[in-house]
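Observations on the model geometry
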Amino acid sequence: MTWSVLHMCLLLTVYGSDGQSTSADPRCVYTFTVPTSDCAQTPGPSVDDQLLKGYVIALQEQFKQMVSDVRDLRERNDKLLSDVENLKKDSHSGVAGGALYNVQGGGTNYQCLPRDPQWGQHTEGLTSGAYIHGAEYEMPRANSPFLKTNFDGVPFNNDVPCAVCHVTGRQAKLMIPARKECPGGWTREYHGYLTTSADIYHPTTFECMDEAPEVIEGMGRDSDGALFYTVEGDCSCSLPCPNYVNGWALTCIVCTK
Ligand SMILES: [Ca+2]
Ligand SMILES: [Ca+2]
């Protein structure tokens, strides 16, 4: 009798294929000595009580191991929940912003603006000459490469939420354009598509946008501001094509170590 067949017999006996049990405690499977009719149809050597007890002990050990595994999983789950809470404490979220898309000067790097700004000295009116705006996804409506997991639509014209996170225990961070996998020894934080401003507009940094972008609810109106465009390879100059393909959106990945 193979192990799997015996296992099936015990289960059938415990729960009774005929709906009857001979023990008050169904866990005491070793008190059952009569196989079910299904098992009786399985040819094989007879099983004496001693052998059956051996199998039962093995099953009990398996059960103990399963209980231990469940306990480990619970502990790991608690640890993960704790890590998530710590991550929330260590992260900052808000709305993406930057210089207006069609100005010549101003800051080039996108900013993650908090929703609850704190103020210092100030004067009324726009007087400084340097200004910041909220940001919009300006990727084309057609052929959007992004997943719709977090927003069931094309993100075009929707405003952009952001988060800045602290990863504990890994000091180095690396954004790799045109890759979806981290080098060996690095941990993937997220991956998606490379974005920046359009060539004809105010220059900005290249940023890796998650493959499933989120939007700020209720902000789908076309207001512009700072803009995010997906970045395509252009084979007309020095790009190493055909590894890069003319007109294809570049992927990206953010890794830590
Ligand atoms: Ca908008
Ligand atoms: Ca727009």
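The chain is annotated in an unreviewed UniProt entry as Short-chain collagen C4-like of Ridgeia piscesae.

Turning next to the overall build of the chain. Scanning the chain from terminus to terminus reveals 3 helices and 9 strands. For the chain, the residues scored as buried account for 16% of the 257 residues in total. Of all intrachain contacts in the chain linking residues separated by at least 6 positions in sequence, the fraction that spans at least 24 positions is 68%.

Quick look at unusual backbone geometry now. The general pattern is negative phi for most residues beyond glycine and trans for most peptide bonds. The residue after cysteine 241, namely proline 242, is reached through a cis peptide bond having omega 15 degrees. If you trace the backbone, proline 242 turns up in the loop between β8 (226-230) and β9 (251-256). Its identity is not glycine, yet alanine 178 carries a phi of approximately 60 degrees, on the positive side. Note that alanine 178 resides in the loop between β5 (173-177) and β6 (187-196).

The biggest cluster of nonpolar side chains holds 22 residues, and the ones touching the most others in it are Ala135, Tyr193, Cys208, Ala226 and Phe228. Counting residues per element, this core draws most heavily on β9, at 4 residues. Residues in contact with alanine 226, not counting those within four places in the same chain, are Gly97, Gly98, Ala99, Leu100, Tyr101, Tyr110, His133 and Ala135.

Relative to the elements of secondary structure, proline 177 occurs in strand β5. For the pair proline 177 and tyrosine 193, spaced 16 residues apart in sequence, the C-alpha separation works out to 8.2 Å.

Turning our eyes to something else, we now look at the pairing of β9. Pairing analysis gives 5 bridges linking β5 to β9, with the strands arranged antiparallel. Bridging from a neighbouring strand, lysine 173 pairs with threonine 256 of β9. In this sheet, β9 lies alongside β6 in antiparallel orientation, the contact comprising 6 bridges. In the strand pairing of β9, arginine 188 is matched with cysteine 255.

Reading guide: rules and limits
- Residues numbered from 1 in each chain as written.
- Chains lettered and ligands numbered in written order.
- Predicted model: local features only at pLDDT ≥ 70, side-chain atom pairs only at ≥ 80, totals over all residues.
- Helix = DSSP H or I, 4+ residues; strand = E, 2+ residues; numbered from the N terminus.
- Buried ≥ 20, exposed ≤ 12 C-beta atoms within 10 Å, placed from the backbone.
- Contact = placed C-beta atoms within 7 Å.
- Core = buried A, V, L, I, M, F, W, Y, C linked by C-beta atoms within 7 Å.
- Pairing = 2+ DSSP bridges.

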